[in-house]
Amino acid sequence: MNNHEKIDTQCMQETDAAHHLHPFADYRLKKEQTSRIMVRGEGAYLWDSEGNRLLDGMAGLWCTNVGYGRKSIADAVHGQMVQLPFYNTFFHTTHIPAIELAAKLVEISPPQFNHVFFAGSGSEGNDTVVRLVRHYWSKKGNPERQVIISRNNAYHGSTMAGASLGGWQSMHSQGGLPLPGIIHIGQPSYLEGGKGKTQEEFGLEAASWLEQKILDIGAENVAAFIGEPVQGAGGVIVPPVTYWPEIQRICDKYGILLIADEVICGFGRLGYWFGSEYFGIRPDLITFAKGVTSGYVPLGGVLVGDRIVSTLMEKGGEFNHGFTYSGHPIGCVAALENIRILEDEKIVERVHSDTGPYLQKKFEALAAHPLVGNAEAIGFLGGMNLVRQKGATIHDNVPFDAALQIGPTCRAHMIDCGVIMRAVAGDRLVMSPPLTLTHAEIDEMIKLIILGLDKTVEDLRQRKLL
């Protein structure tokens, strides 16, 4: 299809409804819900099949860090497809894109990382993490160290291991999850659990839940702790500044491996190459995906720290794990060109020093809107809660009845106004735009968000819900 071809939207929607099972969808409602068909992207904007232009406040699915329409990535992919479209990396075979990308990732990552294991997605990366940490402890002579501790409301993918690491009960209830040896503690959500405490006090308290769980289980049985530097799909949960340093201290004290899931926070979203650097922690493993290629081609993997690699090399024995598409050459060249763009255009530095602080200031000012109970942002991530009535503090706000689904209602109004956000549990709306936004585009996004909030207020008043 070219840009001038007329699209029969209704026909496409009917075909989609007849044959396409979407992720995270209620199939009972399949024929009642029509899909919006996206046909083109350029910079921070998308166009649907009806010609509507939308500012993509979610960067696709937290991933199009360099924006849409980057011809140089398409050219790199095309050139690789012509030369060598695929070969595997099994059996001591490799290819130049995988070699070059591994070296590049080591160059931009924290100093404890000198090796990369490639996968096809963040979910596959987190499956790899489960296998790898247990293999590591077995080689260390501690096979009993099997337990991996995660957090409630965390999201680490939707494969069996990824969904088990995640803390969503809605996922655990399908498929007999979590898998054995994966347990959860509370999340560091100040809004959820910080009433009567300062942010700093609550951060230390939330971190203490990890130490208590380690003591309950026995440190000799615990393999690792996993967490996103900032929880993304769980609602952009920004931890208090005291949280991660205390988590690091606890992991060091008990010799627990620390895993940072950087599928969302990596490649500039927090103004650093990796979100771990923002919080000053030293993970033993980093899971990555999404922003490594800006979503242009699927690719994921795990940065594996020297502590782990040195043991596996010393002890020997085959690690019986891998994927057909581990280090796929097409994904690797897309990632290399994507990283070149991030470097040459100094996008990470701009998010750190310029556009990130500007977006944070503008987004957090949305808390003045009568529908917004609180708004917080960090780098190019943000979240805000919709409330029926504001209280003296954010903990005194009066929420809407969850059954009313105000969050999804507001998201629909946002889209009608020309901006894409995501609604998550608790009538919370989150944003994660392309890292290329200018000040003028940030201003436009905030203006469209306010318009969507105003439309939602008007809707709720007509329905006598406000």
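Preceding this section is the structure that the text describes.
Reference entry: report on the structure contained in this document. (Residues numbered from 1 in each chain as written. Predicted model: local features only at pLDDT ≥ 70, side-chain atom pairs only at ≥ 80, totals over all residues. Heavy atoms only, no water.)

## Some details on the overall build of the protein
To be explicit about the condition: Helix numbering and strand numbering both begin at the N terminus, where a helix is a DSSP run of H or I of at least 4 residues and a strand a DSSP run of E of at least 2. Restricting the calculation to C-alpha atoms gives the radius of gyration, and the globule rule supplies 2.2 Å times the number of residues raised to the power 0.38. Only protein chains enter the area calculation, which uses a 1.4 Å probe; residues under 20% of their type maximum are buried, those over 50% are exposed, and those in between are partly exposed. What makes two residues a contact is simply this: any of their non-hydrogen atoms within 4.5 Å. Here the open area of atoms and residues is found with the Shrake-Rupley method and a 1.4 Å probe, where only the protein chains shown may cover a residue. In this charge count, Lys and Arg are treated as positive and Asp and Glu as negative; neither His nor the chain ends contribute. By convention, the charge on Lys lies at NZ, on Arg at CZ, on Asp at CG and on Glu at CD.
Across its full length, the protein carries 17 helices and 15 strands. Its C-alpha atoms give the protein a radius of gyration of 22 Å, near enough to 23 Å, the size a compact globule of 466 residues would have. Taken over the C-alpha atoms alone, the protein extends approximately 70 × 60 × 45 Å along its principal axes. Counting over 466 residues, the protein shows a buried share of 53%. Taking the intrachain contacts of the protein between residues at least 6 apart in sequence as the baseline, contacts between residues at least 24 apart amount to 70%. For the protein, the accessible area works out to roughly 20600 Å², and carbon and sulfur atoms hold 54% of it. Between the averaged position of the 41 positive side-chain charges in the protein and that of its 51 negative side-chain charges there is a distance of 3 Å.

## Notes on the sheet that holds strand E15 (residues 428-431)
Put simply, the rule reads: Paired strands, in this sense, are two strands between which DSSP finds at least two bridges. The angle between two axes is taken between their N-to-C directions and runs from 0 to 180 degrees, where each axis is a line fitted to C-alpha atoms and a helix contributes only its stretch in contact.
Pairing is antiparallel across the open sheet formed by four strands, whose spatial order is E11-E12-E15-E14. Edge strands, defined here as strands with exactly one partner in the open sheet, are strand E11 (372-378) and strand E14 (422-424). This sheet shows a mean twist of 20 degrees between the axes of neighbouring strands, independent of strand direction. Contacting E11, strand E12 (381-386) and E15, helix H15 (residues 355-364) crosses the sheet at an angle of about 175 degrees to E11.

## Thoughts on the sheet that holds strand E2 (residues 45-48)
With respect to topology, four strands assemble into an open sheet ordered E1-E2-E3-E13, the strand pairing being mixed. Edge positions in the open sheet fall to strand E1 (38-42) and strand E13 (419-420), since each of these has one partner strand only. One ladder, built from two bridges, connects strand E3 (residues 53-56) with E13; its direction is parallel. Counterpart to aspartate 56 in the pairing with E13 is isoleucine 420. Strand contacts of helix H17 (residues 439-462): E2, E3 and E13, with the helix running at about 105 degrees to E3, the strand carrying the most contacts.

## Quick notes on unusual backbone geometry
Only a minority of non-glycine residues have a phi that is not negative, and only a minority of peptide bonds are not trans. Note the cis peptide between leucine 177 and proline 178, where omega equals 0 degrees. Within the secondary structure layout, proline 178 lies in the loop between helix H7 (169-172) and strand E6 (182-185). Unusually for a residue other than glycine, alanine 59 sits at a positive phi of about 50 degrees. The residue alanine 59 is located in helix H2 (residues 59-62) in this model. In this structure, lysine 346 takes a positive phi of about 55 degrees despite not being glycine. With respect to the helices and strands, the residue lysine 346 is situated in the loop between helix H13 (329-344) and helix H14 (347-353).

## Observations concerning helix H1 (residues 9-19)
Every α-helix carries 3.6 residues per turn, so stepping three or four residues along brings you back to the same face. The condition that has to hold: Starting at the helix axis, one direction is taken to each C-beta atom, and the arc is that of these directions.
Those residues of H1 that sit buried are Thr9, Asp16 and Ala17. All buried residues of H1 fall inside an arc of 95 degrees around its axis, so they share one side. Of the exposed residues in H1, those oriented more than 90 degrees away from the buried face are Ala18 and His19.

## What to know about the packing of helix H4 (residues 96-108) against H13
Filter applied, for reference: Less than a right angle of anticlockwise turn of the near helix away from the far helix marks a crossing as left-handed, whereas a clockwise turn marks it as right-handed. Under the scheme applied, nonpolar residues are Ala, Val, Leu, Ile, Met, Phe, Trp, Tyr, Cys and Pro; charged residues are Asp, Glu, Lys and Arg; polar residues are all the others, including Gly.
H13 packs onto H4 with a crossing angle of 35 degrees between their chain directions and a minimal axis gap of 8 Å. Classified by chirality, the crossing of H13 by H4 is left-handed. Along the contact surface, H4 presents Pro97, Ala98, Glu100, Leu101, Lys104, Leu105, Glu107 and Ile108, while H13 presents Pro329, Cys332, Val333, Ala335, Leu336, Ile339 and Glu343. Considered class by class, the residues forming the contact of H4 with H13 number 11 nonpolar, no polar and four charged.

## A closer look at the nonpolar core
Heads up, the condition is: Nine residue types can take part in a nonpolar core, namely buried Ala, Val, Leu, Ile, Met, Phe, Trp, Tyr and Cys, and a core is a set of them joined through side-chain atoms within 4.5 Å.
Ranked by internal contacts, the top residues of the largest apolar core, which has 63 residues, are Leu105, Phe267, Phe363, Met384, Met414, Ile449 and Leu453. Sequence-distant contacts of methionine 414, that is, excluding residues within four places in its chain, are made with Met384, Val419, Met421, Leu429, Leu448, Ile449, Gly452 and Leu453.

## A short note on the packing of aromatic side chains
The condition is simple: For Phe, Tyr and Trp, rings pair up if their centres lie within 6.5 Å, where Trp contributes its six-membered ring, and each pair is then called stacked (planes under 30 degrees apart), edge-to-face (over 60) or tilted (otherwise). We call a charge positioned above a ring when the Lys NZ or Arg CZ atom is no farther than 6 Å from the ring centre and deviates by at most 35 degrees from the ring normal.
Taken as a whole, this structure holds 16 aromatic pairs when the rule is applied. Ring geometry for phenylalanine 86 and tyrosine 325: centres 5.9 Å apart, planes at 80 degrees, overall edge-to-face. On the criterion of sequence distance, the pair formed by phenylalanine 86 in the loop between helix H3 (71-83) and H4 and tyrosine 325 in the loop between helix H12 (306-315) and H13 is long-range, its members being 239 residues apart. Residue class for tyrosine 325 comes out exposed when judged on its relative accessible area of 52%. Put simply, the rings of Phe267, Trp273, Phe274 and Phe288 pair up and form one aromatic cluster. Geometry around tryptophan 47 places arginine 40 over its ring, the cationic atom sitting 3.9 Å from the centre. Residue placement shows arginine 53 over the ring face of tyrosine 45; its charged tip is 4.1 Å from the ring centre.

## What about the side chain of glutamine 187?
The line we're drawing: The term polar contact refers here to a pair of N or O atoms within 3.5 Å; inside protein, the definition further demands a hydrogen-donor-capable atom paired with an acceptor-capable atom, and it admits residues adjacent in sequence only when both atoms are side-chain atoms.
Considering the arrangement of structural elements, one finds glutamine 187 in the loop between E6 and helix H8 (190-193). Only 3.0 Å separates the side chain of glutamine 187 from the side chain of asparagine 153, close enough to count as a polar contact. Filtering out sequence-adjacent residues up to four positions away, glutamine 187 remains in contact with Arg151, Asn152, Asn153, Glu192, Phe202, Trp209, Gln231 and Ile237.

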